[in-house]
2 protein chains.
Amino acid sequence: MATLRTAQVAELAGVNVETLRFYERRGILQEPPRRASGYREYPPDTVERVRFIKRAQELGFTLKEVQDLLELRETTRAKAGRVRKVAEAKLEEIEHKIRDLEAMKKSLTELLSTCDGQKTIASCPIIESLSGCERCRGGDTGRPKKEHSR
Amino acid sequence: MATLRTAQVAELAGVNVETLRFYERRGILQEPPRRASGYREYPPDTVERVRFIKRAQELGFTLKEVQDLLELRETTRAKAGRVRKVAEAKLEEIEHKIRDLEAMKKSLTELLSTCDGQKTIASCPIIESLSGCERCRGGDTGRPKKEHSR
DNA sequence: ATGGGCCCCGGACTATGGTACGGAGTCAAG
DNA sequence: CTTGACTCCGTACCATAGTCCGGGGCCCAT
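Residues numbered from 1 in each chain as written. Chains lettered and ligands numbered in written order. Predicted model: local features only at pLDDT ≥ 70, side-chain atom pairs only at ≥ 80, totals over all residues. Heavy atoms only, no water.

**Some thoughts on the overall build of chain A**
Working step 1: A tally of helices and strands in chain A yields 5 helices and 0 strands.
Working step 2: Walking chain A from its N terminus toward its C terminus, one meets helices and strands in the order α-α-α-α-α.
Working step 3: As displayed, chain A offers around 8700 Å² of accessible surface, 50% of which is attributable to carbon and sulfur atoms. (Helix = DSSP H or I, 4+ residues; strand = E, 2+ residues; numbered from the N terminus. Areas by Shrake-Rupley, 256 points an atom, 1.4 Å probe, with all protein chains shown as cover.)

**What about the protein's contact with DNA strand D?**
Working step 1: Not every one of the 24 residues close to DNA strand D is listed here, only the nearest: A7 and R40 of chain A together with Y39, K54 and Q57 of chain B.
Working step 2: When the atoms of DNA strand D within 4 Å of the protein are sorted by group, sugar and phosphate make up 72%.
Working step 3: Note that a base nitrogen of DNA strand D is positioned 2.6 Å from one of the side-chain N or O atoms of Y39 of chain B.
Working step 4: With 6 residues, helix α2 (residues 17-26) of chain B is the largest single contributor of residues to the surface near DNA strand D.
Working step 5: A class-by-class count of the residues in the surface near DNA strand D yields 6 nonpolar, 8 polar and 10 charged. (Near = heavy atom within 4 Å. Polar contact = N/O pair within 3.5 Å; in protein donor to acceptor, adjacent residues only side chain to side chain. Nonpolar A, V, L, I, M, F, W, Y, C, P; charged D, E, K, R; others polar.)

**As for helix α1 (residues 6-13) of chain A**
Along an α-helix, residues three or four positions apart point the same way, because every turn accommodates 3.6 residues.
Residue and element names in this part refer to chain A.
Working step 1: For α1, the complete set of buried residues consists of V9, A10 and A13. One side of α1 carries all its buried residues, which in axial view fall inside an arc of 100°.
Working step 2: For α1, the secondary structure elements touched by its buried residues are α2 (17-26) and α3 (46-58).
Working step 3: Directly beyond the C-terminal end of α1, a positive phi value near 75° is found at G14. (Buried < 20%, exposed > 50% of the residue type's maximum accessible area, 1.4 Å probe, protein only. Arc of directions from axis to C-beta. Contact = heavy atoms within 4.5 Å.)

**Describing the packing of helix α1 (residues 6-13) of chain B against helix α3 (residues 46-58) of chain B**
Residues and elements named next belong to chain B.
Working step 1: Look at α1 against α3: their axes get within 9 Å of each other, and the N-to-C directions meet at 45°. By the angle between their axes, α1 is oblique relative to α3. Taken as a pair, α1 and α3 cross one another with a handedness that is right-handed. From α1, V9, L12 and A13 reach across to α3, where they touch T46, V47, V50 and R51.
Working step 2: Residue classes in the contact of α1 with α3 are distributed as 5 nonpolar, 1 polar and 1 charged. (Axes fitted to C-alpha atoms, helices over the stretch in contact; angles between N-to-C directions. Parallel < 35°, antiparallel > 145°, perpendicular 65-115°, else oblique. Left-handed = near helix turned anticlockwise from the far one by under 90°.)

**Notes on the pattern of salt bridges**
Working step 1: Applying the stated criterion to the full structure yields 26 salt bridges over all chains.
Working step 2: Linking R84 of chain A and E88 of chain A is a salt bridge whose minimum nitrogen-to-oxygen distance equals 3.4 Å. Placement of both R84 of chain A and E88 of chain A in helix α5 (residues 80-116) is noted, with a separation of 4 residues, approximately one turn of the helix.
Working step 3: Residue classification places E88 of chain A among the partly exposed positions, given a relative accessible area of 34%.
Working step 4: Where R55 of chain B meets D100 of chain A, a salt bridge forms, and the shortest distance between an N and an O atom there is 2.2 Å. One end of the pair, R55 of chain B, is in helix α3; the other, D100 of chain A, is in helix α5, on a second chain.
Working step 5: Given a relative accessible area of 5%, D100 of chain A falls into the buried group.
Working step 6: One network of salt bridges, in which partners are shared, links E24, R34 and R40 of chain A. (Salt bridge = Lys/Arg side-chain N within 4 Å of Asp/Glu carboxyl O.)

**Things to note about the packing of aromatic side chains**
Working step 1: A full pass over the atoms with the stated rule returns 2 aromatic pairs over all chains.
Working step 2: Summarising the aromatic geometry, the rings of F22 of chain B and Y23 of chain B are spaced 6.0 Å apart at their centres and angled 45° between planes, so their arrangement reads as tilted.
Working step 3: Overall, the relative accessible area of 33% leaves F22 of chain B in the partly exposed class.
Working step 4: For Y23 of chain B, a relative accessible area of 2% puts it in the buried group.
Working step 5: Directly above the aromatic system of F61 of chain A lies the positively charged group of K97 of chain A, at a separation of 4.3 Å from the ring centroid. (Phe/Tyr/Trp six-rings, centres within 6.5 Å; stacked < 30°, edge-to-face > 60°. Lys NZ or Arg CZ within 6 Å of the ring centre and 35° of its normal.)

**Concerning the environment of S37 of chain B**
Working step 1: Relative to the helices and strands, S37 of chain B is located in the loop between α2 and α3.
Working step 2: In this structure the side chain of S37 of chain B is engaged in a polar contact, spanning 3.4 Å, whose partner is the backbone nitrogen of Y39 of chain B.

**A short note on the environment of V17 of chain A**
Working step 1: With respect to the helices, strands and loops of the structure, V17 of chain A is situated in helix α2.
Working step 2: Beyond its immediate stretch of four places on either side in the chain, V17 of chain A contacts T6, A7 and A10 of chain A.

**A look at the side chain of R49 of chain A**
Working step 1: By the element assignment, R49 of chain A lies in helix α3.
Working step 2: Under the relative-accessibility criterion, R49 of chain A is labelled buried at 11%.
Working step 3: Beyond its immediate chain neighbours, meaning those up to four positions away, R49 of chain A contacts I28, L29, L70, R73 and E74 of chain A together with I127 of chain B.

**With respect to the confidence of the model for chain A**
All names here are of chain A.
Working step 1: A residue-level look at chain A finds 74% of positions with pLDDT of 70 or above and a mean pLDDT of 81.
Working step 2: Per-element averaging of pLDDT across chain A places α5 at the bottom with 86 and α2 at the top with 98.
Working step 3: In this model, residues 133-150 is a region of pLDDT below 50 whose contacts with residues beyond four sequence positions or in other chains number 22 contacts. (pLDDT = per-residue confidence, 0-100.)

What follows is the structure in structure tokens.
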């Protein structure tokens with residue numbers, strides 16, 4: 001069983017068959033070889049790739065971003081310098097996400113331990129958990145803004 | 001300057017004015033007091049709340065999930081037990097995300113250090129970075145499946 | 001008292017990421 | 001060699017999360 005058919009890949013990766021076709025159209029999955037009849041024959045590692053895509057999405061990356069991430073692997077050699085830049089940027093983004101999730105984790109943990117004692121925790125600070133992010137994009141979206149007198 | 005108007009909140013939080021109205025309709029921002037004219041007067045901490053929402057989204061939470069997260073804070077007392085369950089589930093989810101991001105970070109770091117030396121890294125394993133997730137939802141989406149003979 | 005800039009609202013529109021549909025061809029067990 | 005499950009394709013549709021529009025009302029500096 002060297003190759004897989006669409007339904008098998010879909011099943012193993014936990015996605016809809018249509019999703020595979022969709023990814024192919026989007027270019028995030030490259031077109032697999034076909035047999036004479038036109039049936040796709042997927043290499044088995046496609047399953048891992050699709051799972052990666054789904055999980056990366058759950059971590060807040062868009063399909064485009066996932067694609068870039070995956071292309072880091074394929075592209076190497078040739079434009080190595082540009083790849084490096086992208087990888088470094090992604091790395092920082094990932095580290096930022098980790099920091100923020102750690103902060104959320106901390107405040108959720110606090111909430112749980114406080115709620116445990118039936119106290120008034122009116123100030124359980126979930127929101128503040130991400131405020132280390134404060135100026136990271138606060139107050140400027142890059143969109144043009146009209147100044148107003150006041 | 002005790003309260004803020006929509007444009008100010010939007011500016012400070014880095015979102016579109018329409019987004020605030022949208023969040024209000026969705027119930028993720030509660031309706032602020034209005035002055036006689038109908039103008040909204042936001043309490044300043046709205047800005048933090050909106051930033052939290054945006055950041056949580058970037059971490060892969062849907063608006064619905066963010067809402068639940070925020071309600072953990074508000075809801076306490078009364079249905080404390082149910083809240084606890086939700087908080088614990090979220091905590092696990094967050095820890096899972098952190099683990100996965102750490103894995104991505106690791107493989108990106110490896111990729112960077114390998115690319116550095118101009119080597120052939122045909123096997124840079126970005127994809128495997130999330131495969132610790134393997135069976136976490138692989139192979140079963142809960143959708144009904146028809147068995148086929150082969 | 002007036003005008004430029006904000007604010008109100010409902011409703012239409014957009015982008016992203018899929019999902020569903022339907023008619024036709026393929027595969028393999030009986 | 002039929003039949004039921006699977007596959008193909010294009011196109012239409014869906015949910016989420018906004019974003020824009022346009023007609024009308026406020027606000028206040030000049």
